Amino acid sequence: MPSPRPPYDVVVVGLGLAGLTAALAAASRGARVLALGKGYGTTHFRSGTIDVLGYLEGGAVRSPRPALSALAAARPEHPYARLGGRVEEALSFLRDAARGGGVELQGGLDEAQLVATTAGTLRPTCLAPTSLLGAWDGARVLAVGLQGFRDFDPELFAATLPPVAARLGLEVAVRPARLSLAPLLRRHLDGLGLARLLDRPAFRHQLAEALRPLARGCTLVALPAVLGLEAATAAALATELGPAVELPTLPPSVPGIRLQRALERALRERGGRVQVGAEVRLECAAGRARALELEAAGRRLRMPLRSVVLATGGMASGGLRLEPSGAVVEPAADLPVAQPPGPPGRWFRERFLGSCDQAIDLAGVRADACMRPLDAEGRVVIENLFVAGGLLAGAERSLERSADGIACASGYVAGLEAAAVEATA
Amino acid sequence: MTRSYDVVVVGGGATGTGLVRDLAMRGLRCLLVEQGDLCHGTTGRFHGLLHSGARYVVRDPLSARECIAENRVLRRIAAACVEDTGGLFCWLEGDPEDYPERFLAGCREAGIPAEEIALSRTREPLLSPRLRRAFAVPDATIQPFDLAAANVRSAEAYGATVHRYHRLVGVATRSGRVCGVEVEDVRGGERERIEAGLLASAAGAWAGRVAVLAGVELPMSPGWGIMLVLNQRLCRAVVNRCRPPSDGDIVVPVGTVCIAGTTSRTLDTLDRYETSREEVDLVLTASAEMIPAVREARVLRVYAGARPLYDPGADRAASRALTRAHTVIDHARDGVEGFVSVVGGKLTTYRLMAEDAADLACRKLGVEAPCRTATEPLPGSEPGRHYWLGKRLEANEREREGADADLVCECELIPRRMLERFLESSPDADLEDLLRGLRLGMGPCQGAFCSLRAAGLLQRLRPRAGLEALSPLVAFLEERAKGNRPVLRDDQARQHRLNEIIYREVLALDHALAPPAV
């Protein structure tokens, strides 16, 4: 019996940064695209920045471009070695797509940017939304904790930021303050609740009015990163209040959700479809991905495939799983997984915050320059399947701070390649 | 001026805190020194079982009799620290044929009420389908930190002084008699000489080290056992295997989780125990024989405790075979007057150990006051109500804080005010004390969310300057991760990666304390 015709040119599995970038890239070539996933990716845990390469050999990367070349040259198994020159093109594609969805990402590969966090640390990143960037050098900062919000204590931030900044040659003074407003005195005030509250002009105005006298003499007001689910909210607050900056904190990440929503909006505008809540398995035979089996809304569905991008994520998202037996597996398509080197007892670094390598980071799916999965001998295992993001082997994301850059570049390449797959008879 | 006490007690576990309470109640001026926090040693690293004694009836009847007697005492005097879970002994298809009858005979002999119950009446739906016989015994669980803290509160009310984070570094003798000690403040580094009429060591597995300072040899034989924390409470009662004690034959429900234990290895080390994956698998396999759902649960962490076994005979082959009964030693036999040690034993009999040691100390000091610890309830236990799982929820609701309002730790239901009160009542507490005292960070997420929040709260109440403000947070994260590493797999590996994303990739704490090399 002949298979029914595939309803989409490209199906993308995974709704994180890699999956959405892949879907957008495929849609930009005119492909009919469906992006689906079990849930959203780690965009909701991260801070809405695009970390391309934050640290190399223990040192903070000041200029990502040469550091990327050095990394690619030194580590041929690294995804950046495969993706090579396409990182910049992918970042610029992502920046345009995010702008289309309402989020302005600043920066590029020339110079790293600094983002301050609620812990009072400053970390390097490559692209960041405007609201996370502040003029730190010489700043007199008012750090504002909001009554009822658990995930930011301005006293901790005020103690740590000045010495952290001084180490980088920046002079920063911080004054902590706490603000209690009537709408804040209610239960369940998490980041999302606060963000929704701030999307309302009336509350935003009330907050700005309350902050203005406190901020006198300050050059920057630092708030936890909850300034609205709408991309325009942070800018609107800054218009009323003066320079303000958001500090990333615990999940759920409001800036991460903003970025994810912007990309999803851009994808829909380009005709892509998005489906959340679908658990997926791939049916592969004779070197081709034939169909997708998905279980959603209580029923099973089988969808024939023309090409597919697998962007199900790494260990945190469930795209890779460490089985009790000690094997790392890829559960959606059973792709060959490069196992961590060394004995299992040594796969995790001894100190959680330590700076040594961690074997488990290296596990994942190896891919060629087109992002097709490879077996142990380096042969392409499936012709019309492309992998992207956290699944990819060979990167030490917890050291390098490369997760977003890899997701973006591999998603971009995988999406374009998937769109280029010819329909088969 | 030199401080002077009748008795200096070493060791802030159950026995030491029980001993200092006992002595203080008898009117002696006492000082307790503990090198870490309370329960820093074995007391904080056991499985939580308040023995009925049934585990010992076949092999160690003396221990069994002591256990059931103390079980009854502790249900009274430490009611608030005890959860009356009951215990079950499970005899599975294929287990030794003759064991149940020997077990029942032993229980009768020791005076432990043991009753065979119909399999349909176990109230344990997750027990193995291979279960053939089940015996109910009065096992219970006990919260070691609450117990030690209550003993300290009572001792202080009777005039005793307790120094945590103080290590004994020297013992002064004059003509063969202990006359004083030297202690070091572990955190500040200062040393102090203190006059003492008597030195009483309740240092458990560390007793040999204390003895050496007094010039005495005390051959201890630490018996290490590992315990796994599973993310769910898979049983109501303490579930034991009805066969001769062996590895992985007990699952203890504690709070919202349960503890599967244990193993038994005799090792000379006291400071560091490397758990192997094989050992973890051994315990998982054995406990899954009793409760197959163990396989489905997440292993949150593993910890190891050193049983303070006293080994006069130097038989190091099988630590489980050594008696679990305790010994009180008057070191006059070794030529040092004014020095006693209490060794061996187990948490269930801590009060009896303290009583025996206090009796000897009093005899030596010529004090005639009787022991009252078997009858006078510990602070907080006066109403005689036991701990129960919903206790925190009930308290939160009563205080109108709501079950989920302003919770710093969602897993363990700890509202901000509870943390503030704890920090106010123990001025030198850090985040790890919050862990032991309130179970902060002990639930399924292992501190992913509460660590940062608690660190912020700590900084607000106890400001530290500059980067020091981050050091409690960093230490807490490292401590949590330490117990995780040997059991990272499946969902717990996933949780670990999430924690990395939060604390390394989002908050960049890995570069906060050490300046990055450029």
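Sequence positions are assigned chain by chain, starting from 1 and proceeding in written order. Chain A is the first chain written and ligand 1 is the first ligand written, with later ones labelled in order. With pLDDT at 70 or above as the cut-off, local features in this predicted model cover only qualifying residues; side-chain atom pairs require 80 or more to be listed or tallied, and sums for whole chains, interfaces and linings still use all residues.

J.: What is the right way to look at the overall build of chain A in this model?
T.: On a plain count of helices and strands, chain A comes out with 12 helices and 20 strands. Relative to the compact-globule value of 22 Å for 425 residues, chain A shows a C-alpha radius of gyration of 22 Å, a close match. When its C-alpha atoms are laid out on the principal axes, chain A stretches across 75 × 45 × 40 Å. Within the span of chain A, comprising 425 residues, buried residues form 56% of the whole. Secondary structure elements follow DSSP: runs of H or I no shorter than four residues count as helices, runs of E no shorter than two count as strands, and numbering proceeds from the N terminus. To get the radius of gyration, use the C-alpha atoms; to get the globule rule, take the number of residues to the power 0.38 and multiply by 2.2 Å. Counting other C-beta atoms within 10 Å of its own, a residue is labelled buried from 20 upward, exposed at 12 or fewer, and partly exposed in the gap between, with every C-beta atom placed from the backbone.

J.: Can you help me understand the overall build of chain B in this one?
T.: Across its full length, chain B holds 13 helices and 22 strands. In terms of C-alpha radius of gyration, chain B reaches 23 Å, essentially the compact-globule figure of 24 Å for 518 residues. For the C-alpha atoms alone, the extent of chain B along its principal axes is close to 70 × 65 × 45 Å. Relative to its 518 residues, chain B shows a buried fraction of 56%. Here the analysis covers contacts within chain B between residues at least 6 apart in sequence; of these, 72% occur between residues at least 24 apart. What counts as a contact here is a pair of residues whose C-beta atoms, placed from the backbone, lie within 7 Å.

J.: What's the story with the domain arrangement of chain B in this structure? I'm lost.
T.: Size of an interface, as often reported, equals the accessible area lost when the parts are brought together. All names here are of chain B. Either an automatic procedure or a domain database provided the assignment from which the domain bounds are taken. Each domain of chain B was delimited in the assignment, giving domain 1 (3-42 + 145-220 + 322-365), domain 2 (82-140 + 223-307) and domain 3 (391-511). Measuring from the centre of the C-alpha atoms in domain 1 to the corresponding centre in domain 3 gives 32 Å. The partner domain 3 presents four residues to the four residues of domain 1 that form the contact. Ten residue types, Ala, Val, Leu, Ile, Met, Phe, Trp, Tyr, Cys and Pro, are classed as nonpolar, four, Asp, Glu, Lys and Arg, as charged, and the remainder, Gly among them, as polar. Residue composition of the side of domain 1 that touches domain 3, grouped by class: three nonpolar, no polar and one charged.

J.: Mind showing me how you'd approach the sheet that holds strand 15 (residues 288-296) of chain A here?
T.: Pairing between the strands of a sheet comes from backbone hydrogen bonds, and it takes one of two forms, parallel or antiparallel. Residues and elements named next belong to chain A. Between any two strands, at least two bridges found by DSSP are needed for them to pair. Strand order in the open sheet formed by three strands is 14-15-16, with antiparallel pairing between adjacent strands. Two strands lie at the open edges of the sheet, namely strand 14 (279-285) and strand 16 (299-304), each paired on one side alone. The mean angle between the axes of side-by-side strands here comes to 20 degrees, regardless of whether they run parallel or antiparallel. The pairing of strand 14 with strand 15 spans seven bridges and is classified as antiparallel. Note on strand 15: the bridge partner recorded for R281 is E293. Helix axes use the C-alpha atoms of the stretch in contact, all axes being lines fitted to C-alpha atoms, and the angles between their N-to-C directions lie in the range 0 to 180 degrees.

J.: Hey, could you run me through the sheet that holds strand 2 (residues 33-37) of chain A in this one?
T.: Residues and elements named next belong to chain A. One open sheet accounts for five strands, arranged 13-2-1-17-20; its pairing is parallel. Edge positions in the sheet fall to strand 13 (273-276) and strand 20 (385-387), since each of these pairs with one other strand and no more. The mean angle between the axes of side-by-side strands here comes to 15 degrees, regardless of whether they run parallel or antiparallel. Bridging between strand 1 (residues 10-13) and strand 17 (residues 307-310) involves four bridges; their strand directions are parallel. Residue pairing in the sheet places V12 in a bridge with V309 of strand 17. Strands strand 1, strand 17 and strand 20 of the sheet are contacted by helix 12 (residues 403-419), whose axis makes an angle of about 170 degrees with strand 17.

J.: How should I be thinking about the interface of chain A and chain B in this particular structure?
T.: Taken together, the contact pairs 46 residues of chain A with 51 residues of chain B. Within the residue set of the side of chain A that touches chain B, elements represented by two or more residues are strand 4 (59-60), helix 5 (154-167) and strand 18 (321-322) of chain A. Sort the elements by how many residues they give to the side of chain A that touches chain B and helix 5 of chain A lands first, with seven residues.

J.: It is not clear to me how helix 9 (residues 254-269) of chain A should be interpreted in this structure. Could you clarify?
T.: Given 3.6 residues per turn, any residue in an α-helix points the same way as the ones three and four places further on. A helix is expected to span 1.5 Å multiplied by its residue count minus one. Between its first and last C-alpha atoms helix 9 of chain A spans 22 Å; for 16 residues at 1.5 Å apiece the expected length is 22 Å, and the two agree. G271(A) sits one or two positions beyond helix 9 of chain A and adopts a positive phi of about 90 degrees.

J.: Sorry, what's going on with the domain arrangement of chain A here?
T.: Once the domains are mapped, chain A shows domain 1 (10-103 + 258-419) and domain 2 (135-242). The gap between the C-alpha centroids of domain 1 of chain A and domain 2 of chain A is 34 Å.

J.: Any chance you could explain unusual backbone geometry here in plain terms?
T.: If a residue is not glycine, its phi is most likely negative; likewise, a peptide bond is most likely trans. Cis geometry is found at the peptide bond from P251(A) to P252(A), where omega equals 0 degrees. As for its position among the elements, P252(A) is in the loop between strand 12 (244-247) and helix 9. Following G261(B), the chain continues to T262(B) via a peptide bond in cis, the omega torsion being -15 degrees. By the element assignment, T262(B) lies in the loop between strand 16 (257-261) and strand 17 (265-266). Not every positive phi belongs to a glycine, and M371(A) is a case in point at roughly 70 degrees. Residue position: M371(A) is located in the loop between helix 10 (359-362) and strand 20.

J.: What exactly am I supposed to notice about the packing of helix 4 (residues 86-100) of chain A against helix 12 of chain A here?
T.: All names here are of chain A. Remark: helix 4 packs on helix 12, axes separated minimally by 9 Å, with the N-to-C direction vectors making an angle of 90 degrees. Between helix 4 and helix 12, the angle falls in the class roughly perpendicular. For the pair helix 4 and helix 12, contact is made by R86, V87, A90, L91, F93 and L94 and by G405, C408, A409, Y412 and V413, respectively. For the contact of helix 4 with helix 12, the residue count by class is nine nonpolar, one polar and one charged. Under this scheme an angle from 65 to 115 degrees is roughly perpendicular, one under 35 degrees roughly parallel, and one over 145 degrees roughly antiparallel; angles in between are oblique.

J.: Teacher, can you tell me more about the environment of N384(A) here?
T.: Residues and elements named next belong to chain A. Structurally, the position occupied by N384 is in the loop between helix 10 and strand 20. Since 20 C-beta atoms lie within 10 Å of it, N384 is described here as buried. Separated by 81 residues in sequence, N384 and M303 have C-alpha atoms that sit 15 Å apart. Once you skip the residues sitting within four places of it in the chain, N384 turns out to touch R288, A289, R306, S307, V308 and V421.

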